[in-house]
Amino acid sequence: MFFYYLGFSRIRSMILRLRRKPVARFLAFHDILPEALSQFRANICFLKRHTNVISIDDYFSGRTLSNKINVVITFDDGYKSWLTCAVPILKEFGLPGIFFITSGFIGLSLEDETEFVRLNLCKTLNNQRISGSLSTEEVKKIVEEGFTVGGHTLKHRNLGKLEDKAQLRYEIVEDKKRLEEITGAKIEYFAYPSGADFNPKTNLVRILTESGYKGAVTTVPGFNSKKSNPFLLHRELTGAMMPGRVFKARVFGNYDPIRLVRALLVTVLKME
């Protein structure tokens, strides 16, 4: 917020406009519980008014603006609230979005869903309750409503911790296959469940390209430009309950200098 009120984002935006250099901010949401609905809607309204919200296809095709921050709205995992909350609000404002789905989380009984969350999602959710997992029909409905679906592995595995290439490939390929069978659509984009935890021995990007993916997103914050690696795109974690002022600061990148200063301090302290 300090950098926001100093005008950091306005100065950077002015420089970008002068250089005619378009940048894109990818935002990552997860579940949207009832108590978060009002704040989520307010934040989406802010995006509509003050940014250029584009689809992930727009980003990869270069359909971006240089006079506004381009924003790609994304969701991870596969929650029922996407169809009851996210999709209606995005449609209300006429905005696109992409939903990265862990196919092994789809169509589970309550008992199996509880076990899946315990084994595969508990670190992400921090023990909070969820709206439930999507059914196969609900996944189809998201696509029918005009939104994009992306891959997120079969069981929400941390790919950086998988050294068995056959198992790693199965997590990616089988997930993509199942989603394409359910949706009848081509799955071209991927989100790493681990954010950006990579094992250099497994050559993960090569497996993704061989599987037919065009690009992938991490949870490493920052802006993306034409020079960004399409398989290591930056993405900002933004909870549905995030207060408006904090959300605005994150969207405009005002928190980035703080991260930079923090990283520099850590480096200096290690040197000492």
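Cut-off values and rules
- Residues numbered from 1 in each chain as written.
- Predicted model: local features only at pLDDT ≥ 70, side-chain atom pairs only at ≥ 80, totals over all residues.
- Heavy atoms only, no water.
- Helix = DSSP H or I, 4+ residues; strand = E, 2+ residues; numbered from the N terminus.
- Buried < 20%, exposed > 50% of the residue type's maximum accessible area, 1.4 Å probe, protein only.
- Contact = heavy atoms within 4.5 Å.
- Areas by Shrake-Rupley, 256 points an atom, 1.4 Å probe, with all protein chains shown as cover.
- Expected span 1.5 Å × (residues − 1).
- Polar contact = N/O pair within 3.5 Å; in protein donor to acceptor, adjacent residues only side chain to side chain.
- Phe/Tyr/Trp six-rings, centres within 6.5 Å; stacked < 30°, edge-to-face > 60°.
- Lys NZ or Arg CZ within 6 Å of the ring centre and 35° of its normal.
- Pairing = 2+ DSSP bridges.
- Salt bridge = Lys/Arg side-chain N within 4 Å of Asp/Glu carboxyl O.
- Core = buried A, V, L, I, M, F, W, Y, C linked by side-chain atoms within 4.5 Å.
- Axes fitted to C-alpha atoms, helices over the stretch in contact; angles between N-to-C directions.
- Parallel < 35°, antiparallel > 145°, perpendicular 65-115°, else oblique.
- Left-handed = near helix turned anticlockwise from the far one by under 90°.
- Nonpolar A, V, L, I, M, F, W, Y, C, P; charged D, E, K, R; others polar.

Trainee: Looking at this model, I keep getting lost on the overall build of the protein. Mind explaining?
Mentor: Along the backbone of the protein there are eleven helices and eight strands. For the protein, the residues scored as buried account for 49% of the 272 residues in total. For the protein, contacts bridging at least 24 residues in sequence account for 73% of all contacts bridging at least 6. When the accessible surface of the protein is totalled, it reaches about 13600 Å², and 55% of it is carbon and sulfur.

Trainee: Please clarify how helix α8 (residues 165–183) should be interpreted in this entry.
Mentor: Given a rise of 1.5 Å per residue, 19 residues ought to cover 27 Å, and the 27 Å separating the end C-alpha atoms of α8 matches this to within 8%. Residues of α8 that are buried: L168, E171, I172, E174, D175, K176, L179, I182 and T183. For α8, the elements touching its buried residues are β4 (98–101), α7 (136–144), β5 (148–151), β6 (189–191) and α9 (204–210). Two or three places before A166, at the start of α8, stands the capping residue D164, its side-chain oxygen 2.9 Å from that residue's backbone nitrogen.

Trainee: In this structure, what is going on with the packing of aromatic side chains? I would like to understand it.
Mentor: Each aromatic ring pair is described using two quantities: the centre-to-centre distance and the angle formed by the ring planes. Tallying each qualifying case throughout the model produces 18 aromatic pairs. Positioned over the ring face of F223 is R25, at 4.4 Å from the centre of the ring. One cation-aromatic arrangement involves K176 over Y213; the distance from NZ or CZ to the ring centre is 5.6 Å.

Trainee: Can you help me understand the pairing of strand β3 (residues 70–77) in this one?
Mentor: Two faces make up the sheet, and in a regular strand the side chains alternate between them. Of all eight residues in β3, eight are buried; the element is thus mostly enclosed. With six bridges joining them, strand β1 (residues 24–29) and β3 adopt parallel strand pairing. Following the sheet pairing, A28 is matched in β3 by T74. Across two bridges, strand β2 (residues 52–53) lies against β3 in parallel orientation.

Trainee: Help me understand the pattern of salt bridges in this model?
Mentor: Summed over all chains, the structure comprises 15 salt bridges. A salt bridge links R41 to E92; the nearest nitrogen and oxygen atoms lie 2.3 Å apart. Note that R41 is positioned in helix α3 (residues 37–50) and E92 in helix α5 (residues 81–93), a separation of 51 residues in sequence. Exposure remark for R41: the relative accessible area of 36% places this residue in the partly exposed category. A salt bridge links R169 to E210; the nearest nitrogen and oxygen atoms lie 3.2 Å apart. Within this pair, whereas R169 is found in helix α8, its partner E210 is found in helix α9, the two being separated by 41 residues in sequence. A network of salt bridges, in which partner residues are shared, links R25, E236 and R250.

Trainee: When you look at the nonpolar core in this model, what are you seeing that I'm missing?
Mentor: Note that soluble globular proteins tend to have their nonpolar side chains buried in a common cluster. Residues L47, I73 and F75 are the most contacted members of the largest nonpolar core, which totals 58 residues. Broken down by element, the residue count for this core peaks at eight residues, all from α5. When near neighbours in sequence (up to four residues on either side) are disregarded, F75 contacts F29, H30, I32, F40, W82, A86, L90, I98, F99 and F100. Counting residues in hydrophobic clusters, the runner-up holds twelve residues, among them I56, V72, Y189 and V217.

Trainee: What exactly am I supposed to notice about unusual backbone geometry here?
Mentor: Here the phi dihedral of D77 falls at roughly 100°; this positive angle occurs in a residue that is not glycine. Within the secondary structure layout, D77 lies in strand β3. Phi is positive for H156, close to 60°, though the residue is something other than glycine. Within the element layout of this structure, H156 appears in the loop between β5 and α8.

Trainee: Would you explain the side chain of D76 in this entry?
Mentor: Tracing the sequence through the fold places D76 in strand β3. Given the relative accessible area of 3%, D76 is considered buried. Of the polar contacts made by the side chain of D76, one reaches the side chain of R235; its length is 2.8 Å. Here D76 is in contact with F29, H30, W82, F100, H152, A191 and R235, once residues within four sequence places are set aside.

Trainee: I would appreciate a short explanation of the packing of α5 against α7 in the present structure.
Mentor: Relative orientation and spacing of two packed helices are given, respectively, by the angle between their axes and the distance between those axes. Their axes nearest at 10 Å, the elements α5 and α7 cross at an angle of 15°. Compared by their axis directions, α5 and α7 come out roughly parallel. For the element pair α5 and α7, the recorded crossing hand is left-handed. Here α5 contributes W82, L83 and V87 to the contact with α7, which in turn contributes E138, K141 and I142. Its residues placed into classes, the contact of α5 with α7 shows four nonpolar, no polar and two charged.

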